[in-house]
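Listed here are the chains, written in short residue letters.
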Amino acid sequence: MRKPSLAVALALIALGGCGDGFVGEVDVRRHAVEDGGGIDPPAGEGAFAPELWADADGLLLTWIEPRGSEPEAGHRVQFARFADGAWSAPVVIVEGNGLFANWADVPAAARAADGTLYAHWLAKTAADTYAYSIYLARSTDGGDTWKAIGRLNDDETDTEHGFVSWVREGAGLRAFWLDGRAMADGGPMSVRTAAVGLEGVGEVELLDDRVCECCSTDAGVSEAGPYVVYRDRSESEVRDTSFVRRGESGWSAPAPVAVDGW
């Protein structure tokens, strides 16, 4: 049987443990979109941390590349889109030596229903290893140019913020992420959410005030509304996977996907 015309074989790095700032490398060029043979994404040497957004309008790909052979050179977040059987030329969303570039918590681009593209990445806010915030950019020309629009998280603590998941909501998007603002005072990691659109970032809402610090989120939309899935963390250190969803009466209380006692 012939493969589908657009069978995606890009490896998405979505699982990882609590590392000590390790920066891994995955050669994006070896993870191609296949059509009989393969069509390599336009990634350079040392590229890693690929992430795809797929919808009816096609594929959006982001990844990270080093800007040079020395660590001090920093990194750049690259973007390309797949259309008409080929990848577009890569576009730099952001670059510098202040990016928090790692193999587990990766940047991404997403397309809103109105066609606007949004991208996020992580950047350092202080010298501490895990002091970084989530920054946003917007493109209104299909990804040819990007404009930085500020932070996703609305606090200024020098703590961890990341593992962002995106879903469409109205004409814009909704983001879910891990937010470490309470850790500045010895508190736990939390899950928070906000709508993002042409007006900027909406109200940031707290969904769960005690979760695992280093496990990724995932999100989707059901007939009832958006939901997020993540690794929870009880006072007794049970870390089962939980979810929160929004219904007619607002956001639900966190509930386990399954009671595993992990």
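Residues numbered from 1 in each chain as written. Predicted model: local features only at pLDDT ≥ 70, side-chain atom pairs only at ≥ 80, totals over all residues. Heavy atoms only, no water.

Novice: Can you lay out the packing of aromatic side chains for me, pointing to particular residues and giving the numbers?
Specialist: This model, assessed by the stated rule, comprises 5 aromatic pairs. Pairing Phe100 with Tyr130 gives two aromatic rings, centres 6.4 Å apart and planes at 65°, and the pair type is edge-to-face. Of this pair, Phe100 sits in the loop between strand S7 (91-96) and strand S8 (108-111) while Tyr130 sits in the loop between strand S9 (117-124) and strand S10 (132-139), placing them 30 residues apart in sequence. Among the aromatic residues, ring-to-ring pairing joins Phe100, Tyr130 and Tyr132 into one connected group. The ring of Trp262 is capped by Arg231, whose NZ or CZ atom sits 4.2 Å from the centre of that ring. (Phe/Tyr/Trp six-rings, centres within 6.5 Å; stacked < 30°, edge-to-face > 60°. Helix = DSSP H or I, 4+ residues; strand = E, 2+ residues; numbered from the N terminus. Lys NZ or Arg CZ within 6 Å of the ring centre and 35° of its normal.)

Novice: So what's going on with the confidence of the model for the chain? Residues and values would help.
Specialist: Do not read the fine detail of predicted coordinates wherever pLDDT is low. Of all residues in the chain, 85% attain a pLDDT of 70 or more, and the chain-wide mean is 87. When the criterion is pLDDT under 50, residues 1-37 qualifies, and its contacts beyond four places in sequence or with other chains add up to 78 contacts. (pLDDT = per-residue confidence, 0-100. Contact = heavy atoms within 4.5 Å.)

Novice: Break down the nonpolar core for me, citing the residues and quoting the values.
Specialist: Ile93, Trp121, Trp146, Leu152, Trp166 and Trp177 are the most contacted members of the largest nonpolar core, which totals 32 residues. Going through the elements one at a time, strand S5 (75-83), S7, S8, S9, S10, strand S12 (161-169), strand S13 (172-179) and strand S14 (189-197) are the ones with two or more residues in this core. Residue contributions to this core peak at 6 residues, all from S9. Core analysis: the second largest hydrophobic core is formed by 13 residues, Leu178, Val191, Ala219 and Val244 among them. (Core = buried A, V, L, I, M, F, W, Y, C linked by side-chain atoms within 4.5 Å. Buried < 20%, exposed > 50% of the residue type's maximum accessible area, 1.4 Å probe, protein only.)

Novice: Tell me about the sheet that holds S8, and name the residues and values.
Specialist: With antiparallel pairing, the 4 strands of this open sheet are ordered in space as S8-S9-S10-S11. Among the strands making up the open sheet, the edge pair consists of S8 and strand S11 (147-151). Each adjacent strand pair in this sheet contributes to an overall mean axis angle of 30°, direction not counted. Strand direction decides the pairing type here: S8 and S9, joined by 4 bridges, are antiparallel. Within the sheet, the bridge partner assigned to Arg111 lies in S9 and is Leu117. (Pairing = 2+ DSSP bridges. Axes fitted to C-alpha atoms, helices over the stretch in contact; angles between N-to-C directions.)

Novice: Describe in detail unusual backbone geometry, supporting the description with residues and values.
Specialist: Positive phi outside glycine occurs at Asp84, with the angle close to 55°. Considering the arrangement of structural elements, one finds Asp84 in the loop between S5 and strand S6 (86-87). Phi is positive for Glu237, which is not a glycine, with a value near 70°. Position of Glu237 relative to the elements: it lies in the loop between strand S18 (226-231) and strand S19 (241-247).

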